[in-house]
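Architecture and fold: a report
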Amino acid sequence: MNGVFLLALLAVPSVAWLPDPEESMTAAEIIEYWGYPVEEHDVITEDGYILSMLRVPHGRHSNDTNATCHRPPILLVHGLLTDASEFLGNPPETSPGMILADAGFDVFLLNVRGTTYSQRHVNLTKDDPEFWKFSVDDYGKYDAAAAVDLILKVTGARDMYYIGHSQGCDVGFILLVERPEYNRKVRAIFQLAPAGTIRYSKGLFKWAVDRKTPFKILLNLMGPHEFGLRTPSLLGAVARFLCPPRPVGLCYDSIQFANGPSTSSFNWSRMPIYLSNVFASTSTWSIMQTTDHSHPSHFDGGPSENLRRYGSVHPPQYNYSIIDTDVYLFWSRNDWVNVPREIETWLLPRMRPGVIKTTFEIPEYNHMDFAFATDVSDRVFSKIIKIVRKYEPESCIE
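None of the values given here were measured: they were computed from a predicted structure. (Residues numbered from 1 in each chain as written. Predicted model: local features only at pLDDT ≥ 70, side-chain atom pairs only at ≥ 80, totals over all residues. Heavy atoms only, no water.)

**Let's talk about the overall build of the chain**
A count of helices and strands for the chain gives 15 helices and 11 strands. Over its C-alpha atoms the chain spans a radius of gyration of 20 Å, differing by no more than 12% from the 21 Å that the globule rule assigns to 398 residues. Dimensions of the chain, computed from the C-alpha atoms along their principal axes, are close to 60 × 55 × 45 Å. Within the chain, buried positions represent 57% of all 398 residues. Within the chain, contacts between residues separated by at least 24 positions form 76% of all contacts whose residues are at least 6 apart in sequence. Split by element, the accessible area of the chain, about 16,400 Å² in all, is 56% carbon and sulfur. With 36 positive and 46 negative side-chain charges, the chain shows a separation of 5 Å between the mean positions of the two kinds. (Helix = DSSP H or I, 4+ residues; strand = E, 2+ residues; numbered from the N terminus. Rg over C-alpha atoms; globule rule 2.2 N^0.38 Å. Buried < 20%, exposed > 50% of the residue type's maximum accessible area, 1.4 Å probe, protein only. Contact = heavy atoms within 4.5 Å. Areas by Shrake-Rupley, 256 points an atom, 1.4 Å probe, with all protein chains shown as cover. Lys, Arg positive; Asp, Glu negative; His and termini not counted. Charge placed at Lys NZ, Arg CZ, Asp CG, Glu CD.)

**Side note on the pairing of strand E11 (residues 356-361)**
Two elements, strand E10 (residues 326-331) and E11, share five bridges in a ladder whose sense is parallel. When the bridges of E11 are listed, leucine 329 appears paired with threonine 359. (Pairing = 2+ DSSP bridges.)

**Description of a nonpolar patch on the surface**
A surface patch of nonpolar side chains, amounting to about 320 Å² of accessible area, comprises Leu229, Leu234, Val238 and Phe279. Residue placement: phenylalanine 279 occurs in the loop between helix H10 (271-276) and strand E9 (282-283). The exposure class of phenylalanine 279 is partly exposed, given its relative accessible area of 35%. (Patch = residues over 30% accessible without salt bridge, like charges linked within 9 Å, V, L, I, M, F, W, Y side chains within 5 Å. Salt bridge = Lys/Arg side-chain N within 4 Å of Asp/Glu carboxyl O.)

**Here's the deal with helix H11 (residues 284-291)**
In terms of residue burial, H11 counts as a mostly covered element, since eight of its eight residues are buried. Listed in full, the buried residues belonging to H11 are Thr284, Trp285, Ser286, Ile287, Met288, Gln289, Thr290 and Thr291.

**Things to note about the confidence of the model for the chain**
Low pLDDT marks stretches whose predicted atomic positions should not be read closely. Taken as a whole, the chain shows an average pLDDT of 90; of its residues, 93% reach a score of 70 or greater. A low-confidence stretch, residues 1-16 (pLDDT under 50), is modelled with 18 contacts involving residues beyond four sequence positions or located in other chains. (pLDDT = per-residue confidence, 0-100.)

**Quick look at unusual backbone geometry**
Unlike most non-glycine residues, leucine 81 shows phi in positive territory, near 60 degrees. For leucine 81, the location among the structural elements is in the loop between strand E3 (73-77) and helix H3 (96-102).

**As for the pattern of salt bridges**
Enumeration over the complete set of coordinates arrives at 22 salt bridges. A salt bridge links glutamate 22 to arginine 270; the nearest nitrogen and oxygen atoms lie 3.1 Å apart. Placement of glutamate 22 in the loop between helix H1 (3-10) and helix H2 (27-33) and of arginine 270 in the loop between helix H9 (249-259) and H10 is noted, with a sequence separation of 248 residues between them. With respect to burial, glutamate 22 and arginine 270 carry one shared label: buried.

Below, the structure written as structure tokens:
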């Protein structure tokens, strides 16, 4: 660290060094903190995992939970090493979960298996290696499927809507491929920063993909295991030290290396809150599948495991042509994780003609801006709200 950067850190006003109360809050507590109703639901999957799913049934300015207007149910699914907190990182006007609740939606936020709030099982504990024998495949085939079923049961709706960010996009596509009947239950799917592979990624993910072989050897030696570092007090303190409320030095460079160049709509003063809610746990198998994502295929557990699971030495690829739910893509040329070449050369050619209804380019956004940018309401979610209201002309308008 050079002397100029050290002086810049020391020049930050002292208020920037004080912890924000949201840093130590759970996702449910953050929702309540901003004046919204919240329900916590246990989602039990077919293979015994007990997931936490939060519900925000209406906006903070609506006291009539029995309103006669229809509130379309919508499920938000987070990315790798995050959880439902990803959609709650900013004040209400710029947090996706709260934007949608205030717009008249019945909002559900899923925490997939292994993350901070979903480390329970009907028979296993998180200390049992068997608990961690799961991959991204299972998020779609089991977690998302169970969440959709519970949402439809709780709301009485016939169908619903899905929003995925980053790995959450993979989860949505896997759900519709592995469980084709869910194409009738999910009326439309909105994919923020989607990809087919990460072979063309830049920065951190390119670095990881280029080293996937030693990573895979190491993770195989570890066996199925927890992978994560969810320590809000430590991560918040690191962010306050390295990330002043303006983009400089190491903090800015780290964000760019992981996600792409930052935009002016990124709120640097919230970095301690953002960082406090990342590194939510996953399994080493999920990490292996992500770094080995040269083709969107099932988890590669090695020849013997693949023979047991799939009846072949190599894992089968996903057949995206099965999907016939309406698909809307939001992407950016500034995204270093899921780059446009992925969409253009891999994803689009493999989708059924006519399934992708619209693609929206948000040119300046990097990978994390789709969840955290201060103008995300206008640039992303206003479009989603408008589209859903065309499907649901009787829906609430608040």
